[in-house]
Amino acid sequence: MRDPCDHYTMDLIGGSRAKPGRKPLGERAMTAAERKRRSRELRRNRLQELSVTVELSRDAQKALDKMIEWWGVSKKEAINRAMLIACQSQTGRTGMLFDLDPAFLLTERSSKRRQR
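Predicted, not measured: the structure shown is a model, and the values here were computed from it.

J.: So what's going on with the overall build of the chain? Residues and values would help.
T.: In terms of regular secondary structure, the chain is built from four helices and zero strands. Tracing the chain from N to C terminus, the helices and strands come up as α-α-α-α. Classification of the 116 residues of the chain by burial places 6% in the buried group. Partitioning the contacts of the chain with sequence separation of at least 6, the portion at a separation of at least 24 is 12%.

So this is what it looks like as structure tokens:
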């Protein structure tokens, strides 16, 4: 019989204890080269998104907070949308701050066709 306070002696009948450490991602542990290759690939994927650090004025910060509240998105997504809208408005396309109903867009298009 095994002493309940003995945590170091293995059971002869009960089998072996689990190996210490993290489980491997595949069937076996990765070699150092495989780990490095995976690390480089993950880093390359992370660098696909460009990172920019900016300082906003107080008014710009308030406007950003309003956009986040309106859209219900993260700061990153709100800035991405605002930049795309600004770019579209500069190229002659009207940027939409809110998603409009498709029915509204259809009626707007049909009214433009009638004017022609």
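J.: Give a description of the packing of helix 2 (residues 58-71) against helix 3 (residues 75-90) that names residues and reports values.
T.: Packed helix pairs are specified by the crossing angle of their axes together with the interaxial distance, meaning the distance between the axes. Between helix 2 and helix 3, whose axes approach to 9 Å, the crossing angle comes to 105°. By the criterion of interaxial angle, the relationship of helix 2 to helix 3 is roughly perpendicular. Where helix 2 approaches helix 3, its residues Gln61, Leu64, Met67, Ile68 and Trp71 are matched on the opposing element by Lys75, Ala78, Ile79, Arg81, Ala82 and Ile85. Each residue belonging to the contact of helix 2 with helix 3 can be placed in one class, and the counts come to eight nonpolar, one polar and two charged.

J.: A description of the pattern of salt bridges should follow, citing residues and the corresponding values.
T.: Using the criterion set out here, one finds two salt bridges in the structure. Arg28 serves as the salt-bridge partner of Glu34, at 3.0 Å between the closest nitrogen and oxygen.

What counts and how
- Residues numbered from 1 in each chain as written.
- Predicted model: local features only at pLDDT ≥ 70, side-chain atom pairs only at ≥ 80, totals over all residues.
- Heavy atoms only, no water.
- Helix = DSSP H or I, 4+ residues; strand = E, 2+ residues; numbered from the N terminus.
- Buried < 20%, exposed > 50% of the residue type's maximum accessible area, 1.4 Å probe, protein only.
- Contact = heavy atoms within 4.5 Å.
- Axes fitted to C-alpha atoms, helices over the stretch in contact; angles between N-to-C directions.
- Parallel < 35°, antiparallel > 145°, perpendicular 65-115°, else oblique.
- Nonpolar A, V, L, I, M, F, W, Y, C, P; charged D, E, K, R; others polar.
- Salt bridge = Lys/Arg side-chain N within 4 Å of Asp/Glu carboxyl O.

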